[in-house]
Amino acid sequence: MAIITGAGSGIGRASSIKLAARGAKVVLVDYNEKSGQETLDVVKSNGGDGIFVQADVSKSADVQNYVQKALDAYGKIDILFNNAGMMQRFQRFQDVSEEEFSRVIDVNLKGIFLGMKYVLQVMDKQGYGNIVNTASTTAIRAEHSLASYTASKHGVAGLTKAAAIEYVRKGIRINAICPGGVATNMTAAVPQELRESGYVPEEFPNMRIGRFAEPEELAEIVVFLASEASSYMTGSLVLADGGMTL
Ligand SMILES: NC(=O)c1ccc[n+]([C@@H]2O[C@H](COP(=O)([O-])OP(=O)(O)OC[C@H]3O[C@@H](n4cnc5c(N)ncnc54)[C@H](O)[C@@H]3O)[C@@H](O)[C@H]2O)c1
C-alpha cells in the first residue's frame, strides 16, 4: 500500500493512478478535498482500491491523522510518496515577505519532514519501507527569483540524504525526484502571476528539451523508485529535467 500526498493534481495524481494500476492500495492525501476525491474516482474506475484523507501536510495533527487512517485501513505502510508542495511568486530576494517565506518552508520542507517522521516510525517497526520525496532541480541549484522555493527544496535534498543514511541497513530506502518543468496546475499559474505582479525575472528556466514534462513521465520514475527495480538506490536525487540543469 502507498500513501501519496498532493494526490489531487499533477505529479501526485499521475503517480497515484500508476501506483494503483500496479496493484498498490492507495491512501490519497491532499488539502483540496474535491480534487483528491476526483483522483480516487479515477483509481476506482480503473479497478484500484484506496481512500482519500484530507490534510494540510504542514500541520502535524493532519499528518499523524493520515498515517493513522492508512494503518486503520491497511495495517501497514509500504510506500510514502511525499510530494505535496507549493510554488512561490517569482520575486527579488529582498522583496520576499517573511510570511511567504514561512509558508513555503512550512509546506515544502516541514511537510516533507513531518511525513517522513511519522511514516518512518511505522516503517522502522515494520523493518521495511520505501519513501520517495519530491524535490526539484532547485534542490541542487538555484532558480532565479525563487529564493524561498530553492531553499525549501535544498532542504528536501538534505532530509532525503540524512534519513537515507540512518535507515540504510534497516530495510528502508529513501530517494527523491528532481523534476525540472512539469505541465501541472503549478506551472500553468505562473504566466498569469507574472502578468499580475508585473515582475519579470532576469532569467527563466531553460527547457532545453523544448517542452515541459508530462506528469506521467515523473510518475514512471516514482513507480521505479518505489519498486524493487531500484533496490540498490537510496539517498539518490533523481533528476528528470529535460536537460534544464546541463
Ligand atoms: N510542476 C513543476 O514544474 C515542478 C517542478 C519541480 C518540482 N515540483 C514539485 O512537484 C510537487 C507536485 O507539484 P505539481 O507540479 O504536481 O503541482 P500541482 O499544483 O499540480 O499539485 C500539487 C498538489 O499538492 C496539494 N497541496 C499543496 N499544498 C498542500 C498542503 N499544504 N497540504 C496538502 N496538499 C497540498 C495541492 O492541492 C495539489 O493537489 C511539488 O512538491 C512541487 O514543488 C513541480
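In what follows, the structure referred to is the one given above.
Residues numbered from 1 in each chain as written. Predicted model: local features only at pLDDT ≥ 70, side-chain atom pairs only at ≥ 80, totals over all residues.

**Some remarks on the overall build of the chain**
Along its length, the chain carries eight helices and seven strands. Since a compact globule built from 246 residues should have a radius of gyration of about 18 Å, the 17 Å found for the chain is in line with a globular shape. If you line up the chain on its principal axes, its C-alpha atoms span 50 × 40 × 35 Å. Expressed as a percentage of the 246 residues in the chain, the buried residues total 46%. Summarising the internal contacts of the chain: among those between residues at least 6 apart in sequence, 75% fall at separations of at least 24. (Helix = DSSP H or I, 4+ residues; strand = E, 2+ residues; numbered from the N terminus. Rg over C-alpha atoms; globule rule 2.2 N^0.38 Å. Buried ≥ 20, exposed ≤ 12 C-beta atoms within 10 Å, placed from the backbone. Contact = placed C-beta atoms within 7 Å.)

**Some thoughts on the site of the ligand**
Neighbouring the ligand are 29 residues; Gly6, Ser9, Gly10, Gly85 and Thr184 lie closest to it. Mapped onto the shell around the ligand, the elements with two or more residues apiece are α1 (10-21), α4 (98-126) and α6 (185-188). Its residues assigned to classes, the shell around the ligand comprises ten nonpolar, 17 polar and two charged. (Near = placed C-beta within 6 Å. Nonpolar A, V, L, I, M, F, W, Y, C, P; charged D, E, K, R; others polar.)

**Notes on the pairing of strand β3 (residues 50-54)**
Bridging between strand β2 (residues 26-30) and β3 involves five bridges; their strand directions are parallel. Paired with Val27 across the strands is Ile51, a residue of β3. Since β2 and β3 lie parallel, the crossover through helix α2 (residues 33-45) that links them has a hand, and here it is right-handed. (Pairing = 2+ DSSP bridges. Right-handed = clockwise from strand over helix to strand, strands pointing away.)

**Some words on the nonpolar core**
In this structure, Ile3 and Val222 are the most contacted members of the largest nonpolar core, which totals 64 residues. Residue contributions to this core peak at nine residues, all from α4. Sequence-distant contacts of Ile3, that is, excluding residues within four places in its chain, are made with Val27, Val29, Tyr66, Ala70, Ile77, Leu80, Phe81 and Val119. (Core = buried A, V, L, I, M, F, W, Y, C linked by C-beta atoms within 7 Å.)

**Quick look at the sheet that holds strand β7 (residues 237-240)**
Pairing within the open sheet is parallel, and its seven strands lie in the order β3-β2-β1-β4-β5-β6-β7. Looking along the sheet, the strands with just one partner apiece sit at the ends: β3 and β7. This sheet shows a mean twist of 15 degrees between the axes of neighbouring strands, independent of strand direction. Of the strand pairs in this sheet, strand β4 (residues 79-82) and strand β5 (residues 129-134) are connected by four bridges, and their pairing is parallel. Residue pairing for β5: Phe81 is matched across the bridge by Val132. (Axes fitted to C-alpha atoms, helices over the stretch in contact; angles between N-to-C directions.)

**Overview of the environment of Asn108**
Looking at the secondary structure, you find Asn108 in helix α4. By the C-beta count within 10 Å, which is 27 here, Asn108 ends up buried. When residues no more than four places from it in sequence are discounted, the contact partners of Asn108 are Gly85, Met86, Ser152, Lys153 and Val156.

**Here's the deal with helix α5 (residues 147-166)**
What sets the pattern is the α-helix's 3.6 residues per turn: residues three or four places apart point alike. The end-to-end C-alpha distance of α5, which contains 20 residues, comes to 29 Å, matching closely the 28 Å that a straight helix rising 1.5 Å per residue would cover. Of the residues making up α5, those classed as buried are Ala147, Ser148, Tyr149, Thr150, Ser152, Lys153, Val156, Leu159, Thr160 and Ala163. (Expected span 1.5 Å × (residues − 1).)

**Digging into the environment of Tyr118**
Inspection of the secondary structure puts Tyr118 in helix α4. According to the C-beta neighbour criterion, Tyr118 is partly exposed, with 18 such atoms within 10 Å. Spatially, the C-alpha atom of Tyr118 lies 7.0 Å from that of Val67, the residues being 51 residues apart in sequence.

**Comments concerning α4**
Along its 29 residues, α4 runs 40 Å from first to last C-alpha, staying within 8% of the 42 Å computed at 1.5 Å per residue. Remark: the principal bend of α4, roughly 35 degrees, maps to Lys110. Just downstream of α4 lies Gly127, where phi reads positive at about 85 degrees. (Bend = angle between axes of the 7 residues up to and from the residue.)

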